[in-house]
Amino acid sequence: MYIVKIGGSVITEKSRYRKMRENVISRLADEFIPEDSILIHGAGSFGHYIADKFNLNDGLGDSNRIEYARVALDLQELNSAIIRALIEREKPAITIPVHSFHMVGEEFPHRRFKDYMERGIVPVTYGDVVLDPRKGMGICSGDQIAFHLSKALRPDKVIFVTDVDGIYDRNPKIYGDAKLLGEVSGKEKLNFSGTVPDVTGSMEGKLRVMRAIAKLGIEVMVINGLVRGRLRRAMRGEDVKGTRVLA
Ligand code: IPE
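Parameters at a glance
- Residues numbered from 1 in each chain as written.
- Predicted model: local features only at pLDDT ≥ 70, side-chain atom pairs only at ≥ 80, totals over all residues.
- Heavy atoms only, no water.
- Helix = DSSP H or I, 4+ residues; strand = E, 2+ residues; numbered from the N terminus.
- Rg over C-alpha atoms; globule rule 2.2 N^0.38 Å.
- Buried < 20%, exposed > 50% of the residue type's maximum accessible area, 1.4 Å probe, protein only.
- Areas by Shrake-Rupley, 256 points an atom, 1.4 Å probe, with all protein chains shown as cover.
- Pairing = 2+ DSSP bridges.
- Expected span 1.5 Å × (residues − 1).
- Arc of directions from axis to C-beta.
- Salt bridge = Lys/Arg side-chain N within 4 Å of Asp/Glu carboxyl O.
- Right-handed = clockwise from strand over helix to strand, strands pointing away.

Chemist: Break down the overall build of the protein chain for me, with residues and values.
Modeler: A count of helical and extended segments in the protein chain gives eight helices and 10 strands. Relative to the 2.2 N^0.38 estimate, which gives 18 Å for 247 residues, the radius of gyration of the protein chain is 17 Å and therefore close to what a compact globule would have. Counting only C-alpha atoms, the protein chain reaches 45 × 45 × 35 Å along its principal axes. The proportion of buried residues among the 247 residues of the protein chain is 53%. Per element, the accessible surface of the protein chain, about 11700 Å² overall, is 48% carbon and sulfur.

Take a look at the structure:
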């Protein structure tokens with residue numbers, strides 16, 4: 001069984017509010033292998049833009065209630081485009097939105113994901129707004145969902161699909177001489193300075209979650225979703241360019 005997390009920076013233009021990359025969504029839907037898989041996608045400019053501007057990660061207040069609702073709607077629209085692309089390709093996919101059933105601190109209800117998989121349907125979920133007992137509401141990233149589901153369902157592999165070839169020793173979007181790392185184990189000195197912060201923790205936070213999954217004894221790969229064929233090949237179990245994250 002595979003869990004695939006597609007980053008928001010792959011399927012949206014992160015600097016333009018609510019801008020989808022339709023051609024990338026179509027191609028990744030082509031490449032996605034539905035058998036025994038869960039798909040999680042990120043928010044990109046359908047989530048981070050408003051979440052940043054109205055401090056949605058800090059909690060629910062009178063001034064941002066409407067924005068939680070707006071982000072939930074925006075994300076549903078992005079999700080619908082992905083579900084539609086899968087269904088058009090005869091891949092049965094159904095959404096399980098985290099905001100509808102999860103409260104931070106409670107056990108993540110993974111059973112329904114399994115129930116759909118057992119019926120030959122791909123459960124799809126995404127980084128979302130979420131209920132929080134302390135701060136009213138907050139944000140649950142797709143990476144955190146990948147961790148919860150990995151812990152409960154023990155997939156053979158978790159594939160993180162990003163907009164670069166893998167994890168580098170420094171930000172490849174800033175430093176031309178950044179080196180792609182074939183493996184990351186936490187012992188390397190990585191330079192995260194200059195990475196654009198986002199509400200769910202940027203690269204440093206993402207790597208922490210990836211390593212937590214690797215610590216469960218699960219194979220974790222980071223690959224480039226903007227390069228044709230990499231997702232398909234990774235899902236077939238073939239060797240692809242990317243970074244393997246170790247515990
Ligand atoms: C973020 O989810 C969710 C919101 C901002 C509401 P992710 O952290 O999984 O999204 P990306 O992959 O960084 O865009």
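Still to come is the rest of the account.
Chemist: Hey, could you go over the pairing of strand β6 (residues 136-140) for me, with residue numbers and the actual values?
Modeler: In terms of burial, β6 is a largely internal element, four of the five residues being buried. Sheet analysis places strand β5 (residues 128-132) next to β6, joined by five bridges and oriented antiparallel. Paired with D132 across the bridge in β6 is G136. Hairpin connection from β5 to β6: three residues lie between these consecutive antiparallel strands.

Chemist: So, helix α6 (residues 142-153): which residues are in play, and what are the values?
Modeler: Counted at 1.5 Å a residue, the expected span for α6 with its 12 residues is 16 Å, and the 16 Å between its end C-alpha atoms agrees. Residues G142, D143, I145, A146, L149, S150 and L153 constitute the buried set of α6. When α6 is viewed along its axis, its buried side chains cluster within an angular range of 155° and face the same direction. Two residues or fewer past α6, R154 is found with a positive phi of approximately 50°.

Chemist: How would you explain unusual backbone geometry if you had to name every residue and give the values?
Modeler: For D36, which is not glycine, the phi dihedral falls at a positive 55°. Inspection of the secondary structure assignment puts D36 in the loop between α2 (22-31) and β2 (37-41). At E90, a residue that is not glycine, the phi angle is positive and equals roughly 65°. Residue position: E90 is located in the loop between α4 (65-88) and β3 (93-95).

Chemist: Tell me about the environment of G59, residues and numbers included.
Modeler: Looking at the element boundaries, G59 is found in the loop between α3 (48-53) and α4. Note: C-alpha distance between G59 and I11 (48 residues apart in sequence) is 27 Å.

Chemist: So what's going on with the pattern of salt bridges? Which residues, and what values?
Modeler: If charged atoms from side chains of opposite charge come close, those side chains can pair. For the coordinates displayed, the defined rule picks out 18 salt bridges. Its salt-bridge partner being K206, residue D143 comes within 3.3 Å of it at the nearest N-O pair. On the criterion of sequence distance, the pair formed by D143 in helix α6 and K206 in helix α7 (residues 202-215) is long-range, its members being 63 residues apart. Residue D143 is classed as buried on the basis of its relative accessible area, which comes to 3%. Within the structure, one salt-bridge network assembled from shared partners comprises K5, D143 and K206.

Chemist: So, the pairing of strand β4 (residues 122-126): which residues are in play, and what are the values?
Modeler: With five of five residues buried, β4 lies mostly within the body of the structure. Side chains V122, V124 and Y126 of β4 all project onto a buried face; the interleaved residues P123 and T125 project onto the opposite face, where all are buried too. Alignment of β2 against β4, held across three bridges, turns out to be parallel. Residue L39 lies in a different strand from β4, and its bridge partner there is V124. Where β3 meets β4, three bridges bridge the pair, whose relative direction is parallel. Considered in β4, the bridge of I94 is made with P123. In this view, the connection linking β3 to its parallel neighbour β4 by way of helix α5 (residues 111-118) has right-handed handedness.

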